[in-house]
Amino acid sequence: MDTALVTTVADTFARDGHAVVGQLLTSAETAAYLAIYDRFLTGEIDAGDRRADLGDGAARSDGAVENITQIMWPSVLCPELLDLPLHDRALAVARNLIGQDAELDFDMLINKAPGTVTVTPWHQDAAYWVKLPDRRAVSMWVALDEAVLDNGCMWYVTGSHSMPLRPHRPSGNGGRALECDCSEDEPGAISVPLAAGSAAVHAGGTLHYSRGNATSDRQRRAYILNFRPAAMIAMEREQGMDHGLTDNECKVRNTDA
Ligand SMILES: O=C(O)CCC(=O)C(=O)O
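Below, the structure is looked at part by part. Starting from 1, residues in each chain are numbered consecutively following that chain's sequence as written. Thresholds applied to this predicted model are a pLDDT of at least 70 for local features of residues and 80 or more for the giving and counting of side-chain atom pairs; totals over whole chains, interfaces and linings are not thresholded and use all residues. Each side-chain value is derived from all of the structure's non-hydrogen atoms; neither hydrogens nor water enter the calculation.

1. Digging into the site of the ligand
The following threshold applies: Residues are labelled near a given molecule or strand when at least one of their non-hydrogen atoms is within 4 Å of it. Counted as a polar contact is a pair of N or O atoms within 3.5 Å, where, for protein atoms, one must be capable of donating a hydrogen and the other of accepting one, and residues adjacent in sequence contribute only when both atoms are in side chains. The Shrake-Rupley method, run with a 1.4 Å probe, gives the accessible areas here. Residue values count only the displayed protein chains as cover. Put simply, DSSP marks the helices as runs of H or I at least four residues long and the strands as runs of E at least two long, and each gets a number from the N terminus on.
The environment of the ligand is made up of 13 residues, and the closest members are Thr-120, Trp-141, His-208, Ser-210 and Arg-220. Trp-141 has a polar side-chain atom sitting 2.9 Å from an oxygen atom of the ligand. Calculation on the ligand without its partners gives an accessible area of 290 Å², and the protein chains cover 96% of this total. Broken down by secondary-structure element, the contributors of at least two residues to the shell around the ligand are strand S4 (102–112), strand S5 (120–123), strand S12 (208–210) and strand S13 (220–229). For the shell around the ligand, the leading source of residues is S4, giving three residues.

2. Focus: unusual backbone geometry
Stated formally: With a 1.4 Å probe rolled over the protein chains alone, any residue whose accessible area is under 20% of its type maximum counts as buried; one over 50% counts as exposed, and the rest are partly exposed.
Notably, Trp-73 is not glycine yet its phi reads approximately 55°, a positive angle. As for its position among the elements, Trp-73 is in the loop between strand S3 (68–72) and helix H3 (74–77). Looking at Trp-73, the relative accessible area reads 0%, which means it is buried. Backbone geometry at His-243 places phi at a positive 60°, although glycine is not the residue there.

3. A short note on the sheet that holds S3
Stated precisely, the cut-off is as follows: Following DSSP output, two strands are said to pair if at least two bridges run between them. Axis lines are fitted through C-alpha atoms, for helices just across the contact stretch, and the angle between N-to-C directions can take any value from 0 to 180 degrees.
Strand order in this open sheet of seven strands is S1-S11-S6-S13-S4-S3-S2, and the pairing throughout is antiparallel. Single-partner strands in this sheet number two, and they are strand S1 (18–23) and strand S2 (51–53). On average, adjacent strands in this sheet sit at an angle of 20° to one another, irrespective of strand direction. Where S2 lies against S3, three bridges are found, and the strand directions are antiparallel.

4. Description of the nonpolar core
Note the following rule: In these notes, a set of buried Ala, Val, Leu, Ile, Met, Phe, Trp, Tyr and Cys residues joined through side-chain atoms within 4.5 Å is what counts as a nonpolar core. Contacts were defined at the residue level, with two residues in contact if any of their heavy atoms lie within 4.5 Å.
With 57 residues, the main nonpolar core has Phe-40, Leu-97, Trp-141, Val-142 and Tyr-223 as its most contacted residues. Counting residues per element, this core draws most heavily on helix H4 (residues 86–98), which supplies seven residues. Discounting chain neighbours no more than four positions away, the residues touching Val-142 are Leu-25, Leu-86, Ser-198, Ala-199, Arg-221, Ala-222, Tyr-223 and Leu-225. Counting residues in each nonpolar core, the second largest holds eight residues, with Trp-122, Val-157, Cys-180 and Tyr-209 among its members.

5. Regarding the pattern of salt bridges
Two side chains bearing opposite charge may form a pair once their charged atoms approach each other closely. Test applied: Salt bridge, as used here, is a side-chain nitrogen of Lys or Arg placed within 4 Å of a carboxyl oxygen of Asp or Glu.
Under the counting rule described, the total for this entry stands at 18 salt bridges. Residues Asp-101 and Arg-136 are paired through a salt bridge, measuring 2.8 Å at the closest nitrogen-oxygen approach. Note that Asp-101 is positioned in the loop between H4 and S4 and Arg-136 in the loop between S5 and strand S6 (138–143), a separation of 35 residues in sequence. Since its relative accessible area comes to 34%, Asp-101 is described here as partly exposed.

6. A short note on the packing of aromatic side chains
For any pair of aromatic rings, the description rests on two quantities: the centre-to-centre distance and the angle between the ring planes. Filter applied, for reference: For Phe, Tyr and Trp, rings pair up if their centres lie within 6.5 Å, where Trp contributes its six-membered ring, and each pair is then called stacked (planes under 30 degrees apart), edge-to-face (over 60) or tilted (otherwise). Any Lys NZ or Arg CZ that is within 6 Å of a ring centre and within 35 degrees of that ring's normal is treated as a charge sitting over the ring.
The full count for this structure, using the stated rule, is three aromatic pairs. Relative to Tyr-209, the ring of Trp-122 has its centre 4.5 Å away and its plane inclined at 5°; by these criteria the two rings are stacked. Here Trp-122, found in strand S5, pairs with Tyr-209, found in strand S12; they are 87 residues apart in sequence, far enough to count as distant. For Trp-122, a relative accessible area of 6% puts it in the buried group. With a relative accessible area of 9%, Tyr-209 lands in the buried category. Summarising the aromatic geometry, the rings of Trp-155 and Tyr-209 are spaced 6.1 Å apart at their centres and angled 70° between planes, so their arrangement reads as edge-to-face. Of this pair, Trp-155 sits in strand S7 (residues 154–157) while Tyr-209 sits in strand S12, and the two are 54 residues apart along the sequence. Each member of the pair, Trp-155 as well as Tyr-209, carries the same accessibility label: buried. One aromatic cluster in this structure is built from Trp-122, Trp-155 and Tyr-209. Here the guanidinium or amino end of Arg-228 rests over the ring plane of Trp-129, the centre of that ring lying 4.2 Å away.

Here's what the structure looks like:
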């Protein structure tokens, strides 16, 4: 990214709590991620208990397919992802946004199956956090398929990163996700459609949500990378918050870092 664009993204992120980063991957690079993504979705790469359905199975008429597939730590399960360019590019953006001490906290895949009416409920990521003295963080949501309103592009509430954290409760989506009161009518709520290969970022306090993928006949595959200061990642891990790493993987990552 050129310097002017980096400054604009950083200013927008600081002011609004979210920003469009623009194209991070070429179509050939995007295709390389999608090929690996589909190996996860078909089960060829076994994600074990790092795979969950964030949606309520009852919401689908066929009941046969996950509604919202979440796979934690794809880059640990399939290290060849790290040979592709996204992690380095995303880290460079994250460092521009929150500081040079930013490191990858965790990555995940979230797919919305075609036909699902299940929304990702409104929430603030900070509702999931353990207590940390330094709350700088950035989540980068990378669209690997074009993301539009009707297949579940992200929505953000502009300025909500500076508001107090709202009370959260377990959502109806199987209990693993949290939700809070908010709606598309919330002042400042906007949808952010993205082309395949492009990304948006949001802060820990930013209210966000996405609709289902009810009418399209295509997957809505997103790759999400979360960054925070290295020292805070270490503190999180001390408190047992590793987003699903085994002890051994945790040691390997700490040694590599
Ligand atoms: O992909 C989605 O629908 C939701 C993603 C999300 O909530 C997040 O990245 O924090």
